[in-house]
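# A look at the structure
Chain by chain, the residues:
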Amino acid sequence: GKTLVFFKLAAFERIKFARLELLIKSTTLIQACWRRKVRRDMYKAIRLFTRHMQALIRTKQARLDLQGRKTEKAATKIQALGKRFNTRTKYLKTLQKVIRIQAWRRGIVGRRAAKERKLYVCAMKIQRTFRRRQEQTVYATLLHAIRVAQERWRMHYAKQ
């Protein structure tokens, strides 16, 4: 016929096996291409997933590093505050001791000065008393001399 081709059995068998072999090769090629596409898609998905996971892990690690730095900074501040408190307390104790020593020394100097001032005041009293007595003696002598002179003068005027 015009649409059908008739072969003898030997030729038909050869064509049939060639066709089957071609079908197997084509099927294998199609399967290989399909498996390659599936594996490539899976590789792309895995690569995308891996990148995403790495980003998430890096983000978490960055957060942990930041938290660690914040914790370390806070610990440093607390330590500095503690050291400052201890140093200030030590300074204030030393300052109180210095003030106590200064007060003790000033007390000694003040008592010594008071003793010297007392001696000076006592010397002034003695000198004042001595001078007053000298002046009283001079005054008494002058007063007596004036009275004697007045008596003599009165006597002289009385005789006239």
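For the structure, see preceding data.
The structure presented is a predicted model; accordingly, all values stated were derived computationally and were not measured.

Geometrically, a pair of aromatic rings is defined through the distance of the ring centres and the angle of the planes. As enumerated under the stated definition, the model contains one aromatic pair in all. Taking 4.5 Å as the distance between ring centres and 85 degrees as the angle between the ring planes, the aromatic pair formed by W153 and Y157 counts as edge-to-face. Taken together, the residues span about one helical turn, with W153 and Y157 both in helix α1 (residues 9–159) at a distance of four residues. Under the relative-accessibility criterion, W153 is labelled exposed at 53%. Residue class for Y157 comes out partly exposed when judged on its relative accessible area of 47%.

Moving on, we come to the pattern of salt bridges. Side chains that carry opposite charge are capable of pairing whenever their charged atoms lie near each other. Going through the model one piece at a time under the given rule, you end up with two salt bridges. Residues K25 and E21 are paired through a salt bridge, measuring 3.9 Å at the closest nitrogen-oxygen approach. Placement of the pair is K25 and E21 together in helix α1, with a separation of four residues, close to one helical turn. For K25, a relative accessible area of 53% gives the class exposed. Classification of E21 by relative accessible area gives partly exposed; the value is 49%. For D41, the salt bridge is made with K37, and the minimal N-O distance between the two is 2.7 Å. Of this pair, D41 and K37 both sit in helix α1, four residues apart, roughly one helical turn. Overall, K37 belongs to the partly exposed group, its relative accessible area being 37%.

Criteria and thresholds
- Residues numbered from 1 in each chain as written.
- Predicted model: local features only at pLDDT ≥ 70, side-chain atom pairs only at ≥ 80, totals over all residues.
- Heavy atoms only, no water.
- Phe/Tyr/Trp six-rings, centres within 6.5 Å; stacked < 30°, edge-to-face > 60°.
- Helix = DSSP H or I, 4+ residues; strand = E, 2+ residues; numbered from the N terminus.
- Buried < 20%, exposed > 50% of the residue type's maximum accessible area, 1.4 Å probe, protein only.
- Salt bridge = Lys/Arg side-chain N within 4 Å of Asp/Glu carboxyl O.

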